[in-house]
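The primary structure of each chain is shown beneath.
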Amino acid sequence: MSRQKLDSTAVAEKLASVSSWSIDAGETALSRTFKFADFSEAFGFMSRAALVAEKLDHHPEWKNVYRTVEVRLTTHDAGGLTGLDFDLAMAMDHIASGTGS
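Residues numbered from 1 in each chain as written. Predicted model: local features only at pLDDT ≥ 70, side-chain atom pairs only at ≥ 80, totals over all residues. Heavy atoms only, no water.

Q: Describe the packing of aromatic side chains, and please don't skip the residues or the numbers.
A: Between two aromatic rings, the relevant description is the distance of the centres plus the angle of the planes. Counted according to the given criterion, the structure contains five aromatic pairs. Note on Trp21 and Phe34: the rings are 5.8 Å apart at their centroids and 75 degrees apart in plane angle, and the pair reads as edge-to-face. Within this pair, whereas Trp21 is found in the loop between α1 (8–15) and β1 (22–23), its partner Phe34 is found in strand β2 (residues 30–35), the two being separated by 13 residues in sequence. Assigned by exposure class, Trp21 and Phe34 land together as buried. A network of ring pairs unites the aromatic residues Trp21, Phe34, Phe36 and Phe45 as a single cluster. (Phe/Tyr/Trp six-rings, centres within 6.5 Å; stacked < 30°, edge-to-face > 60°. Helix = DSSP H or I, 4+ residues; strand = E, 2+ residues; numbered from the N terminus. Buried < 20%, exposed > 50% of the residue type's maximum accessible area, 1.4 Å probe, protein only.)

Here it is in structure tokens:
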């Protein structure tokens, strides 16, 4: 798991694996809004995602309001996107789809 900033070509390649995420114009962050049935499901998602984030030692910027979780991923110390951002995005997608743990 590298904390080295990815170039535009690598970002484009990795973006294909997280197509439900948006990338900002400067290619410095991934963003996605997750919507769940209720607050309990949203909080459960955040709890499971937090465990993955801790294992990766890579933590999201996120906000929760009722059933909605807004997530922004970036690697601050690299000044942009790294493989860790994409790893965490894929894990969050997996968790949100109900197949994660």
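Q: Give a detailed account of the pattern of salt bridges, specifying residues and quantitative values.
A: Enumeration over the complete set of coordinates arrives at three salt bridges. In this structure, the salt-bridge partner of Arg32 is Asp93, at a minimum N-O distance of 2.4 Å. With a gap of 61 residues between them, Arg32 in strand β2 and Asp93 in helix α3 (residues 83–96) connect regions that are remote in the sequence. What makes Arg32 partly exposed here is its relative accessible area of 21%. One salt bridge connects Arg72 with Glu61, and the closest N-O pair in it is separated by 3.0 Å. On the criterion of sequence distance, the pair formed by Arg72 in strand β4 (residues 68–73) and Glu61 in strand β3 (residues 61–65) is long-range, its members being eleven residues apart. (Salt bridge = Lys/Arg side-chain N within 4 Å of Asp/Glu carboxyl O.)

Q: Which residues make up the environment of Glu54, and what are the values?
A: Along the chain, Glu54 falls in helix α2 (residues 39–56). At 2.9 Å, the side chain of Glu54 and the side chain of His59 are in polar contact. (Polar contact = N/O pair within 3.5 Å; in protein donor to acceptor, adjacent residues only side chain to side chain.)

Q: Give me α2: which residues, what numbers.
A: With 18 residues, α2 extends 25 Å from end C-alpha to end C-alpha; this agrees with the ideal 26 Å at 1.5 Å per step. All buried positions along α2 are accounted for by Ala42, Gly44, Phe45, Met46, Ala49, Ala53 and Leu56. Tucked into the core, α2 has its buried residues touching β2, β3, β4 and α3. Two to three positions downstream of the cap, the backbone nitrogen of Ser40 sits 3.2 Å from a side-chain oxygen, assigning the N-cap of α2 to Asp38. One or two residues past the end of α2 sits Asp57, with phi positive at roughly 55 degrees. (Expected span 1.5 Å × (residues − 1). Contact = heavy atoms within 4.5 Å.)

Q: Explain the packing of α2 against α3 residue by residue, including any values.
A: Where α2 contacts α3, the axes come no closer than 10 Å and their chain directions differ by 150 degrees. As far as their axial angle goes, α3 and α2 are roughly antiparallel. Relative to α3, the crossing made by α2 is right-handed. Facing Phe45, Arg48, Ala49, Val52, Ala53 and Leu56 of α2, the residues of α3 in contact are Leu84, Asp87, Leu88, Ala91, Met92, Ile95 and Ala96. The residue makeup of the contact of α2 with α3, split by class, is eleven nonpolar, no polar and two charged. (Axes fitted to C-alpha atoms, helices over the stretch in contact; angles between N-to-C directions. Parallel < 35°, antiparallel > 145°, perpendicular 65-115°, else oblique. Left-handed = near helix turned anticlockwise from the far one by under 90°. Nonpolar A, V, L, I, M, F, W, Y, C, P; charged D, E, K, R; others polar.)

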